[in-house]
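# Secondary and tertiary structure notes
The chain contents come next:
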Protein chains: 2
Amino acid sequence: MFQLNPHSGVPIYRQLCEQVRRMIAGGQLPAGAALPSVRDLAIEHAVNPMTISKAYSLLEAEGLLERHRGRPMTVASRPRLQAGPSQRLNALNSELDRLVLAARQLDLTPTEVIKALREKWEAADAGIRRRTGSR
Amino acid sequence: MFQLNPHSGVPIYRQLCEQVRRMIAGGQLPAGAALPSVRDLAIEHAVNPMTISKAYSLLEAEGLLERHRGRPMTVASRPRLQAGPSQRLNALNSELDRLVLAARQLDLTPTEVIKALREKWEAADAGIRRRTGSR
DNA sequence: CCAAGCGTATAGTCTCAGTAATACACATAT
DNA sequence: ATATGTGTATTACTGAGACTATACGCTTGG
């Protein structure tokens, strides 16, 4: 469900926060949806449970998640169910900045980058089809 | 010359290392080119000089830079002057991964992302023309 | 009821990133 | 020769990130 890279330099709890925010904005985590348990996520990613809990707590403080004692955390019911296209594109801004900076420093052309982007996107498609078993 | 973001979560010295590596691979820092002084960079980015020095030392250990006592650091003369297109695209891999993951979680289409990418690229073009004074 | 599953609280430890203040060795231009 | 500019070494301190270990209160299914 999530992809956490412990060697990216970005703190794990921040990676998780960002991904949950995006999946809520993108509608893949609708209001009321239950999040994976702290312990499950910790085992799956070989990470300490408190690291996951820290991320969840931050998201609750932001009003994105709701806490139910003894029950899994859920996506808050109040907030904007899904962000508009422009807001979601906005959320991609920093990632785009990083990519453009890197590509320009590597002296690549937009055409080359876009081609590589399409290929990676299709590779991700294939990966999802494999995992879900869909044909 | 470089863009360092102290709030990205990625350590500053790592950001600098990555950018120097890319600009060498991309040919924008040719063999023998002198790098900005540790003190200048530190002032420009409001960072401690030792943080810059740390990055330079790591790059020297990698063989990318050469040290000349009392003189600026330079790009090593020996190494591959410029990486091939496929190698440079490869260096963009992790950035592409991050972008695709973010975009998919935001439920964006490749078309939307590519459009935003082109716009950001052109904005960077404009910024460079403004700084260099070219018309 | 009670075990199992939730998230949480607390406290201690460890590593690394970044800062700070000096001091040094070398090169170069004046 | 001297001032100025390189990068570097040293030591010490602060803070964040992550881990470890234990315990607690809550809910739900048997």
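Computed from a prediction, not measured in an experiment: that's the story for all the values here. (Residues numbered from 1 in each chain as written. Chains lettered and ligands numbered in written order. Predicted model: local features only at pLDDT ≥ 70, side-chain atom pairs only at ≥ 80, totals over all residues. Heavy atoms only, no water.)

### Examining the overall build of chain A
Selection criterion: Counting from the N terminus, the helices are the DSSP runs of H or I reaching at least four residues and the strands are the DSSP runs of E reaching at least two. Every residue pair with non-hydrogen atoms within 4.5 Å of one another is taken to be in contact. Computed with the Shrake-Rupley method and a 1.4 Å probe, the accessible areas treat only the protein chains shown as cover for residues. In this tally Asp and Glu are treated as negative and Lys and Arg as positive; neither His nor the chain ends contributes. Note on charges: their place is set at NZ of Lys, CZ of Arg, CG of Asp or CD of Glu.
Scanning chain A for helices and strands turns up six helices and two strands. Reading chain A from its N end, one meets helices and strands in the order α-α-α-β-β-α-α-α. In chain A, the share of contacts with a sequence separation of at least 24, taken over all contacts with a separation of at least 6, comes to 52%. Of the accessible surface of chain A, which amounts to about 7700 Å², a share of 51% is contributed by carbon and sulfur atoms. Each charge class in chain A was averaged separately, 20 positive and 13 negative side chains, and the resulting centres sit 5 Å apart.

### As for the packing of aromatic side chains
Convention followed: Ring pairs shown here join Phe, Tyr and Trp side chains whose ring centres sit within 6.5 Å, with only the six-membered ring taken for Trp; geometry is labelled stacked below 30 degrees between planes, edge-to-face above 60, and tilted in between. Remark: a charge is flagged as sitting over a ring if the NZ atom of Lys or the CZ atom of Arg is within 6 Å of the ring centre and within 35 degrees of the ring normal.
According to the stated counting rule, one finds zero aromatic pairs over all chains in the structure shown. Cation over ring: K54 of chain A sits above Y13 of chain A, and NZ or CZ is 4.3 Å from the ring centre.

### Section: the interface of chain A and chain B
Let me state the cut-off plainly: Take the accessible area each of two parts loses on contact, using a 1.4 Å probe, and add the two losses: that sum is the buried area. The rule for a salt bridge is simple: a side-chain nitrogen of Lys or Arg has to be within 4 Å of a carboxyl oxygen of Asp or Glu. When residue character is reported, Ala, Val, Leu, Ile, Met, Phe, Trp, Tyr, Cys and Pro are called nonpolar, Asp, Glu, Lys and Arg charged, and the others, Gly included, polar.
Contacts between the two partners involve 48 residues from chain A, matched on the other side by 48 residues from chain B. The junction of chain A with chain B conceals about 4800 Å² of combined surface from both sides, 64% of it contributed by carbon and sulfur atoms. Counting the surface chain A buries against chain B, the share from its top three residues, R104, Q105 and W121 of chain A, is 17%. Summed over the shared surface of chain A and chain B, the number is six salt bridges. One salt bridge in this structure joins D97 of chain A and K120 of chain B, with 3.1 Å as the shortest N-O distance. Among the elements of the structure, α1 (12-25), α4 (85-91), α5 (93-105) and α6 (110-132) of chain A are those that each provide at least two residues to the side of chain A that touches chain B. Here the side of chain A that touches chain B is composed, by residue class, of 25 nonpolar, 11 polar and 12 charged.

### Quick look at the relation of the copies chain A and chain B
Applied cut-off: Here the copies were fitted onto each other by least squares, based on C-alpha atoms from residues at pLDDT of at least 70 in both.
Between chain A and chain B, the superposition needs a rotation of 180° and an axial shift of 0.0 Å, giving an RMSD of 0.0 Å. When the rotation and shift are considered jointly, the pair of chain copies conforms to a two-fold rotation axis. Within chain A, the C-alpha atom positioned nearest to the axis of rotation is that of V10 of chain A, 2.7 Å from it. Looking at the interface residues of chain A, 100% of them are also at the interface in chain B, so both copies use one shared face.

### Thoughts on the protein's contact with DNA strand C
Here is the rule we go by: Here a residue is considered near a molecule or strand provided that any single heavy atom belonging to it is located within 4 Å of it. Nitrogen and oxygen atoms within 3.5 Å of one another constitute a polar contact, given that in protein one can donate a hydrogen and the other can accept it, and given that sequence-neighbouring residues count only through two side-chain atoms.
Of all residues adjacent to DNA strand C, which total 23 residues, the nearest are V38 of chain A together with I12, Y13, N48 and T51 of chain B. At 2.9 Å from a base nitrogen of DNA strand C is found a side-chain nitrogen or oxygen belonging to R39 of chain A. At a separation of 3.2 Å, a phosphate oxygen of DNA strand C approaches a polar side-chain atom of S53 of chain A.

### Focus on helix α3 (residues 49-61) of chain B
Each turn of an α-helix holds 3.6 residues, which means side chains three or four residues apart point in the same direction. All names here are of chain B. Here is the rule: Each residue after the first adds 1.5 Å to the expected span of a helix.
Between its terminal C-alpha atoms α3 stretches 18 Å, which fits the 18 Å expected from 13 residues at 1.5 Å a residue. As for α3, its buried residues are in contact with α1 (12-25), α2 (38-44), β1 (65-68) and β2 (71-75). Put simply, N48 is the residue that caps the front of α3, since its side-chain oxygen is 2.9 Å from the backbone nitrogen of M50. Once α3 finishes, G63 follows within two positions and takes phi at roughly 90°, a positive value.

### Thoughts on the protein's contact with DNA strand D
Around DNA strand D, the structure places 23 residues, and the nearest of them are I12, N48 and T51 of chain A together with V38 and R39 of chain B. In DNA strand D, atoms within 4 Å of the protein come from the sugar-phosphate backbone in 71% of cases. Between DNA strand D and the protein, one listed contact pairs a phosphate oxygen with a backbone N or O atom of N48 of chain A at 3.1 Å. S53 of chain B places a side-chain nitrogen or oxygen 3.1 Å from a phosphate oxygen of DNA strand D. For the surface near DNA strand D, the residue count by class is 10 nonpolar, six polar and seven charged.

### Here we look at unusual backbone geometry
Phi at D107 of chain A is positive, roughly 60°, even though this residue is not glycine. Phi angles above zero are rare outside glycine, and A46 of chain B is one such case at about 55°.

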